[in-house]
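Coordinate inspection notes
Below are the chains, spelled out letter by letter.
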Amino acid sequence: MTILEDPAEKCRGLEIIMAQTSDRKWAFTERMANQVEVYRLDVEEFQAKANPPLRK
């Protein structure tokens, strides 16, 4: 996990997060970004389980 320090990177991260929850276009300023901490989760490996299709 990485704590983002660069305000532009933090703003981009916040925009990505908000796009997941709203159709609204969000814009964040450097001042706003400096009020929060934004973490980036660096994934090295990912596993998932496939569910078989439902039978009718």
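Look up: the structure comes first, before these words.
Let me sum up the structure you'll find in this document.

Thoughts on the side chain of K10
Inspection of the secondary structure assignment puts K10 in helix 1 (residues 7-19). Notably, K10 is buried but unbridged: the nearest opposite-charge side chain belongs to E5, and the N-O separation is 6.0 Å. Within the structure, the side chain of K10 is placed 2.8 Å from the backbone oxygen of A33, a separation counted as a polar contact. Those residues in contact with K10 that lie beyond four places of it in its chain are L4, E5, A33, N34, V36 and V38.

Brief notes about helix 1
Between its terminal C-alpha atoms helix 1 stretches 18 Å, which fits the 18 Å expected from 13 residues at 1.5 Å a residue. Every buried residue of helix 1 is accounted for by P7, K10, C11, G13 and L14. Down the axis, helix 1 shows its buried residues gathered within 165 degrees of arc, on one side only. Looking at the buried side of helix 1, the elements it contacts are strand 1 (2-4), helix 2 (30-33) and strand 2 (38-40).

A short note on the pattern of salt bridges
Applying the stated criterion across every chain, the model contains three salt bridges. When the shortest N-O distance is used, the salt bridge between R40 and E9 registers 3.2 Å. Of the two residues, R40 is situated in strand 2 and E9 in helix 1; the sequence distance between them amounts to 31 residues. Note on E9: relative accessible area 35%, which makes it partly exposed. The residue D42 makes a salt bridge to R40 at a minimum N-O spacing of 2.8 Å.

The rules behind these values
- Residues numbered from 1 in each chain as written.
- Predicted model: local features only at pLDDT ≥ 70, side-chain atom pairs only at ≥ 80, totals over all residues.
- Heavy atoms only, no water.
- Helix = DSSP H or I, 4+ residues; strand = E, 2+ residues; numbered from the N terminus.
- Buried < 20%, exposed > 50% of the residue type's maximum accessible area, 1.4 Å probe, protein only.
- Lys, Arg positive; Asp, Glu negative; His and termini not counted.
- Salt bridge = Lys/Arg side-chain N within 4 Å of Asp/Glu carboxyl O.
- Polar contact = N/O pair within 3.5 Å; in protein donor to acceptor, adjacent residues only side chain to side chain.
- Contact = heavy atoms within 4.5 Å.
- Expected span 1.5 Å × (residues − 1).
- Arc of directions from axis to C-beta.

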